[in-house]
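A look at the structure
The primary structure of each chain is shown beneath.
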Amino acid sequence: MSLARWNKATPPTLLWLLVVLSLLVVPSLSMGQAPDAPTAAPAAGAAPATPAAKGAAAQAQAHGPPPDSWAGQLEMLSRWVDQRGGSGGCEERCYALDRLRITGAVGEGPLQFELSGGVLTDRPVAVPLFGPPAHLRIEATLDDGRPASRREAAPISFEDDHYYLWTAARRFVLRGTLWLEGDLTLLVAGPLNTFEADITGGSVAEGARLSGLSGATLHFTPDGGAGSQSAGPTVFQLSRAVRVGREIGFEYRLVMRSGSDLGVVRLPLAFGEKVLDVAGASGFRVEGGELVLPTSGRAAEMKISGTLPKVGAFSPDPRSAYEWWLFESDAEHRLTVKGDARQVDAAESPIPRTQATSRLLLVQRGQRVEVAVEPLSGVEVLAAVVRDHRRTLVLTERGDLVADDALTYENNGIDYLTYAPGGRPIYLATDGKAQRIMHQGKAAEEVLVPLQTGSHTIQVQSLAQAAVHSLGGTLELPMPSYPLTASEVALTVGLPDRVVPLALLGGDRPVWFADAGDAFAVAIGFVAAWIAVRPGGAASRGRVRALRALGGLLMAGLWFLAPATFVALLVGIATAVAAWLAGRLLGGRGRAAAMVVLLCLGGLALLVGLFAISARSYRAERWNSTYSESAAPAPAAVRRAKDDDLPKGGGALAPGGAVLEGVTPVALSLPDYERAVRARRELVTRERAFRPVLVYTTSSALVPLVLLWLAGVTVLLAAHRAPLTELYRRAAARLARRPEDDVAQGEPPAPLR
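Model, not experiment: these values are computed from the prediction.

What counts as what
- Residues numbered from 1 in each chain as written.
- Predicted model: local features only at pLDDT ≥ 70, side-chain atom pairs only at ≥ 80, totals over all residues.
- Heavy atoms only, no water.
- Phe/Tyr/Trp six-rings, centres within 6.5 Å; stacked < 30°, edge-to-face > 60°.
- Helix = DSSP H or I, 4+ residues; strand = E, 2+ residues; numbered from the N terminus.
- Buried < 20%, exposed > 50% of the residue type's maximum accessible area, 1.4 Å probe, protein only.
- Expected span 1.5 Å × (residues − 1).
- Pairing = 2+ DSSP bridges.
- Axes fitted to C-alpha atoms, helices over the stretch in contact; angles between N-to-C directions.
- Parallel < 35°, antiparallel > 145°, perpendicular 65-115°, else oblique.
- Left-handed = near helix turned anticlockwise from the far one by under 90°.
- Contact = heavy atoms within 4.5 Å.
- Nonpolar A, V, L, I, M, F, W, Y, C, P; charged D, E, K, R; others polar.
- Salt bridge = Lys/Arg side-chain N within 4 Å of Asp/Glu carboxyl O.
- Polar contact = N/O pair within 3.5 Å; in protein donor to acceptor, adjacent residues only side chain to side chain.
- pLDDT = per-residue confidence, 0-100.

1. A closer look at the packing of aromatic side chains
Inspection of every chain in the model, using the stated rule, returns 11 aromatic pairs. Note on Phe314 and Phe327: the rings are 6.0 Å apart at their centroids and 45° apart in plane angle, and the pair reads as tilted. With a gap of 13 residues between them, Phe314 in strand β21 (residues 313-314) and Phe327 in strand β22 (residues 322-329) connect regions that are remote in the sequence. With a centroid separation of 5.9 Å and an interplanar angle of 20°, the aromatic rings of Trp325 and Phe327 are classed as stacked. Overall, the relative accessible area of 1% leaves Trp325 in the buried class.

So this is what it looks like as structure tokens:
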């Protein structure tokens, strides 16, 4: 035979040779094995063979082929190969349950089920099903891939608290019926991937669509129709709610149904309940630690409420297969719940929830729950706060204090605010709407201001009286008082012309009559006086320095007395110095042009300075009028109040005609004022109150200072009498000369020095 033909014929020939050799070798191996040798131990997790399984194996062996035949030897070969190859299979859970579907009507006979799953090894294993066997009967057929004609009843038995299926099918579907006797509960051993319930006449308490079940108990609840009531068993369903707050309250919901009249039902008060009300039962009473509930008919539903002395260990009523327990607590208490009960979604509670901290437990018969409560320490917080408080206080010429307060607050639960305005209240408005002024008593000074929840505004006007001394002093300004924390309080004090403020104390920092701008102007005045003061004659150096210092003081006083005159004099001195430098450095036409430019620049600087001074005064007056109109809105037909329009004596309006008790007030326009001083304070409370103090003087007290300033001007002019006289003479001579006189003499006009 050639090599090519041998390669083509070798595979079939070798295959037949291997089959013949295996048939010759295997019988010797199988016959050499002792007949009473034990079989391989089942893998861990597989249940021991049951009598039914052993009988099925013996029956299969009895109907099998003879061991001496070729078919018997082939079957023994396959078993030997399975035992050799199955040694590396699973050792723990050798099955998988996919889906359980239950259909039918609750309370009207058996329910149909369909369970799909598979075995993860090549040998039979025990697949756990349902329980408990004492209250459950199962009849099912196993679909393991064989034709329908060869299917038999599923090998099902029970062990401990559940049934199990003995099978080796890689994929199976178990279909059948189950009867629930007594309690409508079903124990699913699992692990089961998904559960579906398409039932009528009732529902599953845990839900009709569940996933991930292992050792779970499902509770079937009938709807309670007339037919089910007459044919079904007695139903005793009790749901409880325990709410912990300042006191411990409870709420029970009891549903009962029976095939006969219920009669009188007794509910043990095992936890020391004090029953306050029972809805759905008339004539209830408490006897010997039991609540006696008279009923009529075959169905009853009641709602029981009351209080508990304490929380502790709770367990369901012996007549209940299971109970819903809802535990709640307010923000001042914290609950700790322990026990062997299962916690479920609180949205499934039969009793409505009232707190976000609610927990729902499904407590079955024989289980218990231990509850502990821990009170939390209360912390004082701000229920309302004043975001911004702006107070305008105007002092009139007659000593009246007109106050206008604008407050922006944030409230989260306070109904009224006791507000002491620091004077007699004449106007009150919330969110721009006028309110009646109310007091707690006739002699009370506080005003009751109604507060709304959220962010709102308050406006209060009041009148007071102040004593102003003729020469000056200190004035403690009245401020309102209220039991709220203010983030910021801004005070604006308007003063008449005769009152000159020196300082406003009490704020975050003192406010003085002079600021950095005034200091800069005074420094510029001293420099200008040092340059301009040049007394003639043989004056000593000390006298010159004294005169220059006096000139600086006069310039500083001029800034506060007449700012416009100060600016004009300062511009004149600067222009004269620039002209002197131009006359020294330039000559001819250049000097004349420089003089013209300097005069133009000096005039422009004077205009700018005067405009700045007037704009500063205009801004102050404009701010005063704008704030007054916005803070105290008044009808357009009402003119602004003057000093003579305000009440005289005691800071209060005269009774009769102008003031009526119990009438909604109208706003008063604020008086005009010449000067304004502002101060502010952050984080103001009653313990850290804002008490401003005004240090002032009057125009009468400033008269001696003005006289001293005039005397200083006289001294300074007397020291410059000779230079001023010479300057006047030369200017007069220059003005008296005519141009033709200069041409006749052949000399150019002499420059003015």
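2. Section: helix α7 (residues 563-585)
Look at α7: 33 Å from first C-alpha to last across 23 residues, which is about the 33 Å you get at 1.5 Å a residue. Among the residues of α7, those classed as buried are Phe566, Val567, Val571, Ile573, Thr575, Ala579 and Ala582.

3. A few points about the sheet that holds strand β39 (residues 693-698)
The strand order β34-β39-β36-β37 describes an open sheet built from 4 strands, whose pairing is antiparallel. Every other strand in the sheet has two partners, leaving β34 (472-476) and β37 (511-512) as the edge strands with one partner each. The pairing of strand β36 (residues 499-505) with β39 spans 6 bridges and is antiparallel. The partner of Leu505 across the bridge, within β39, is Val693.

4. Comments concerning the pairing of strand β7 (residues 162-167)
Looking down a regular strand, the side chains alternate between one sheet face and the other. Within β7, 6 of the 6 residues are buried, which leaves it mostly tucked inside the rest of the structure. By the alternation rule, side chains of β7 split into His162, Tyr164 and Trp166 and Tyr163, Leu165 and Thr167, which are all buried. The sheet contact formed by strand β3 (residues 125-128) and β7 spans 4 bridges and is antiparallel. Looking across to β7, one finds that Val125 is bridged to Thr167. Pairing of strand β6 (residues 156-159) with β7, which is carried by 4 bridges, proceeds in the antiparallel orientation. Bridging across to β7, Phe158 finds its partner in Tyr163.

5. Quick notes on the packing of helix α6 (residues 541-561) against helix α9 (residues 703-719)
Running from N to C, α6 and α9 cross one another at 135°; their axes reach a closest spacing of 10 Å. The angle between α6 and α9 falls in the class oblique. Handedness of the α6/α9 crossing: left-handed. For the pair formed by α6 and α9, the contact residues are Arg543, Leu547, Leu550, Gly551, Leu554, Gly557, Leu558 and Leu561 on the first element and Val706, Trp709, Gly712, Val713, Val715, Leu716 and Ala719 on the second. Here the contact of α6 with α9 is composed, by residue class, of 11 nonpolar, 3 polar and 1 charged.

6. Some words on the sheet that holds strand β20 (residues 299-308)
Strand order in this open sheet of 7 strands is β17-β20-β15-β14-β22-β25-β24, and the pairing throughout is mixed. Only two strands of the sheet have a single neighbouring strand rather than two, namely β17 (274-279) and β24 (342-344). Adjacent strand axes in the sheet meet at a mean angle of 25°, parallel and antiparallel pairs treated alike. As defined by bridge partners, β24 adjoins strand β25 (residues 359-364) across 3 bridges and the pair is classed as antiparallel. If you follow Val344 over to β25, its bridge partner there is Leu360.

7. Observations concerning the pattern of salt bridges
Proximity of charged atoms lets side chains of opposite charge pair with each other. Scanning the entire structure with this criterion turns up 24 salt bridges. Arg99 is the salt-bridge partner of Glu114, the closest N and O atoms lying 3.6 Å from each other. Of this pair, Glu114 sits in strand β2 (residues 111-119) while Arg99 sits in strand β1 (residues 95-105), and the two are 15 residues apart along the sequence. Note on Glu114: relative accessible area 27%, which makes it partly exposed.

8. Some thoughts on the environment of Arg675
Turning to its location among the elements, Arg675 is positioned in strand β38 (residues 675-684). Residues Arg675 and Asp497, 178 residues apart in the sequence, show an inter-C-alpha distance of 7.1 Å. In contact with Arg675, not counting residues within four places along its chain, are Val493, Gly494, Leu495, Pro496, Asp497, Arg498, Val499, Val500 and Pro501. A polar side-chain atom of Arg675 sits 3.5 Å from the main-chain carbonyl oxygen of Pro496.

9. Some details on the confidence of the model for the protein
Predicted confidence across the protein gives a mean pLDDT of 77, with 76% of residues reaching 70 or more. Overall, residues 1-10 carries pLDDT values under 50, and its contacts beyond four positions in sequence, including any with other chains, amount to 1 contact. A low-confidence stretch, residues 618-657 (pLDDT under 50), is modelled with 58 contacts involving residues beyond four sequence positions or located in other chains.

10. Remarks on the pairing of β39
Sheet analysis places β34 next to β39, joined by 5 bridges and oriented antiparallel. Across the sheet, Gly472 pairs through a bridge with Thr697, a residue of β39.

11. Quick notes on the packing of helix α5 (residues 516-532) against α6
Interhelical geometry of α5 versus α6 gives an angle of 145° and a closest axis separation of 8 Å. When you trace α5 past α6, the crossing you get is right-handed. Counting all contacts with α5, which are made through Asp518, Ala521, Val522, Gly525, Phe526, Ala529 and Trp530, the residues of α6 involved are Arg545, Arg548, Ala549, Gly551, Gly552, Leu553, Met555, Ala556, Trp559 and Phe560. Split by residue class, the contact of α5 with α6 holds 11 nonpolar, 3 polar and 3 charged.

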